[in-house]
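# Fold and contact review
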Amino acid sequence: MLVPIKWIKKYVDINVDDKTLADKLTLTGSHVDAVIDYNKDVTNVVTGKILEIKQHPNADKLVITQIDINENEPIQIITGARNIKEGDIVPVSLEGAVLPNGLKIKKSNFRGLPSYGMMVSYEELGFDDKVIPKEARDGIIILPQDTPLGRDIKEVLELTGSALEVEVTFNRPDCLNIVGMARETAATLGTEFKFPQIEIKNEEGNIKDYLNAVEIEDEDLCSRFYVRVIKDIKIGPSPLWMQRTLMDAGMRPINNVVDVTNYVMLELGQPLHAYDLDKLEGKKLIARRAKKDEKITTIDQNERSLDENMLVIADAVKPACIAGVMGGYYSEISEDTKIMALETANFNPKSVRETSKKLGLRSEASARNEKAMSYVMCEIASNRACQLIEMIGAGTVVGGYIQAGKSEYEAPVVTLRPHRASSLLGAEIPVAEMLNSLNTLEIESVYDGEKIRSKIPYFRTDIEQEADLIEEVGRLYGFENIESKPLRGSTRVGRKSEMRMLEDEIKSILWAMGLYEITTYSFISPKAYDSICTPKDSPLRNYVKILNPLGEDFSSMRTTLIPNMLEVIQRNSNRGVGSAKLYEVGSIFTPKDQPVKEEPIEKLKLTIGMYGNYDYFDLKGIIESMLLRLGIEVSLEALTDNPTFHPGRTAALYADNVMLGVFGEASPEVMDNYDLDHRVYLAEIDVAGILNCKNTDWKYEALPKYPSIVRDIAVKVKDEVPVGHMAEAIQKVNPYLIESVTLFDVYKGEHIEEGYKSTAFSVTYRNKERTLKEKEVEKIHQKVLEVLEKKFGASLRE
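This structure is a prediction, so every number in the text was calculated from the model and none was measured.

Buried within helix α19 (residues 723-733) we find Met726, Ala729 and Ile730. The buried residues of α19 all sit within an arc of 100 degrees when viewed along its axis, so they share a single face. Where the residues of α19 are buried, they touch β37 (709-718), β38 (738-747), β39 (756-765) and α20 (774-792).

As structure tokens, then:
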């Protein structure tokens, strides 16, 4: 929230500089993120009155103006502005003027005629476009008619001062306004706080002649409904002082009536809403639940569909406002409005928050109404708005008011034990200082010799128990003044879970092998499953739908990490990264049933993605090396029924007859869906499966005493024969003497007929007790060939 310091100074004396104020407020609990400097670097810009406007003889889009700047003679300025007329008072930058954007004004020549300066817009004075009044966005600033001529524009527009950017916590709605921050400032600095004096000087008529009734049908959703009526409405710009105040607070001026409601909302924290009374059916306002599928067109001219859990403010026939969120289009104030009803109400914050989320509507009003505020503020804010409307001449206040719901406030009493406060805070704070701190915050407190009894003011809805009062005492005493002491109590040794330790170990192994870790969102688009060619009946399409997503691209919780990996590869490839090895360890989410009623099942998965100077065997080597480091030996089986992967270059990983995952080359269709023109290799492995199979109870053996004998064997088999099965069969011929079997070549091409491949293994023989003889090895080697011929139809390659 932006808090202009000039505005705070209307209610409290500030005796420190802006930076010190920000630091002190932060130390007492009002976290100030930044001090924003509003001082504009503007020189030689003054006010002037347009005496004459003539068409430029040599340019259709330019006019020649004569401007009185309270000097001996008027000056001539040529401009293309279209929102000016004779008699307007405008800012004029003279020769030698410097504007905030660094522009220096010099005498210029436009189509043969001299111009001795330039009229100025808000944008040229350094204002953000979002706060510039609508009528001044595309033109020159038009100043009030009573503005003195020749005055420095910095003085007229008050282009000085600064604002605090304050982070207001959810439990402190009393600070979400200027008066609340002024109260905190007074307590922090120890100065006097002055609440704005509210007085309506002239009221005419009786409200009952204009409004028949105000009703609340559901007091659970609306505790108070307070309405006043203003007649003789004159819609127009608000005074310059009000416009500039709103602009400094980050809000765009609209017109006098809207600006008054916004001013009061920012000043007191209570949202207000104005209705064109002539448009209300039955001349009544009712706070009721919406009917099923009831429609309302809001002031942004969008039709909204409502349900029975939403509160609306309705006339006798239809809803005129979504309570606490946004007004209705048909009943809004317009230039033709002559009489209006001004509503202030106290709504159920939970209802406002849920309605706002369901409808996807967020406004300054809903941001305040969804926090716990006091119903007492309704009357105060309404009278303050009436006072300002009367003050600026925007209308005449009608006598009386009509209200429904709560009106009387009985302050709750909370007790505080001084010894408990000192014990909890860790500092001996005198009772007198505690009382002073609480009373400074307008929490009326007395000490009865044992306890402090505090009456909680209406605006402090966050104080409910003793601990809340202790916090107030502590923050004004200054938490920075409390001596640091060692923690007391028994200590326990914390440790990571086995799953977390395994995750760290996997990351360490992959990092050591040159892979880069990525982190992606758990929310993906449902279209991602189409992009990876997931079948319509696949379990992967059974996902958790997000009720209120940020957008379609984040509307489901992922059931696989592969789309995230492919998006990262696509993004890096498009940005010129020619080669990459990436991995992610992340969660997938599977619902227990549809529609989702229980928390979904969360599983940890490892996904690996590679492209560029890598191939299938690089990925296979990384996976096998990682799993071997974790004590897992895997077998591979060809996989042809997963459409995400290439049917001839994909394998399933098995350990202890349990499938751990799948890896291989992405299918051509998937590559097309992601606009990739190079091969991509992917893997997705279940981390829980790795944990179940992990065995790092390493056994060590002495170095062999006797030499080994290595024999190679090359055989021809059909394409579909898995080489892993062949290696296992060789090992089983004589596990005692065959120490290892290593595949070192697979060949398809010349001299190998279609449908066959040549596979070559290196077999290492060793006897641990003696030196092997050639005849022994030859006999076993022949047995190996016989097994391959019999089991796999292999034939020795010549």
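Past the structure itself, the notes keep going.
The next point concerns the domain arrangement of the protein chain. The domain architecture assigned to the protein chain consists of domain 1 (2-32 + 167-189), domain 2 (43-156), domain 3 (203-405), domain 4 (413-477), domain 5 (498-693) and domain 6 (709-796). Centre-to-centre separation of domain 2 and domain 3, based on C-alpha positions: 38 Å. Across the domain 2 to domain 3 interface the summed buried area is about 890 Å²; carbon plus sulfur atoms make up 59%. Along the contact surface separating domain 2 from domain 3 lie zero salt bridges. At the junction of domain 2 with domain 3, the criterion picks out three residue pairs in polar contact (both at pLDDT 80 or more).

Moving on to the sheet that holds strand β28 (residues 523-524). If you trace the three strands from one edge of the open sheet to the other, you get β28-β30-β29, paired in antiparallel fashion. Two strands in the sheet have a free side with no partner beyond their single neighbour: β28 and β29 (544-545). Bridge analysis of β29 against strand β30 (residues 556-557) gives two bridges, and the strand direction is antiparallel. Paired with lysine 545 across the bridge in β30 is serine 556.

What follows concerns helix α12 (residues 466-477). In a regular helix each residue adds 1.5 Å, so twelve residues correspond to 16 Å; α12 covers 17 Å between its end C-alpha atoms and thus fits that length. Those residues of α12 hidden inside the fold are in contact with α2 (18-27), α4 (178-189), β24 (413-416), α10 (418-425), α11 (431-440) and β26 (452-455). Glycine 478 sits one or two residues past α12 and shows a positive phi near 105 degrees.

Parameters and conventions
Residues numbered from 1 in each chain as written. Predicted model: local features only at pLDDT ≥ 70, side-chain atom pairs only at ≥ 80, totals over all residues. Heavy atoms only, no water. Buried < 20%, exposed > 50% of the residue type's maximum accessible area, 1.4 Å probe, protein only. Helix = DSSP H or I, 4+ residues; strand = E, 2+ residues; numbered from the N terminus. Arc of directions from axis to C-beta. Contact = heavy atoms within 4.5 Å. Domains from an automatic or database assignment. Buried area = accessible area lost by both parts, 1.4 Å probe. Salt bridge = Lys/Arg side-chain N within 4 Å of Asp/Glu carboxyl O. Polar contact = N/O pair within 3.5 Å; in protein donor to acceptor, adjacent residues only side chain to side chain. Pairing = 2+ DSSP bridges. Expected span 1.5 Å × (residues − 1).

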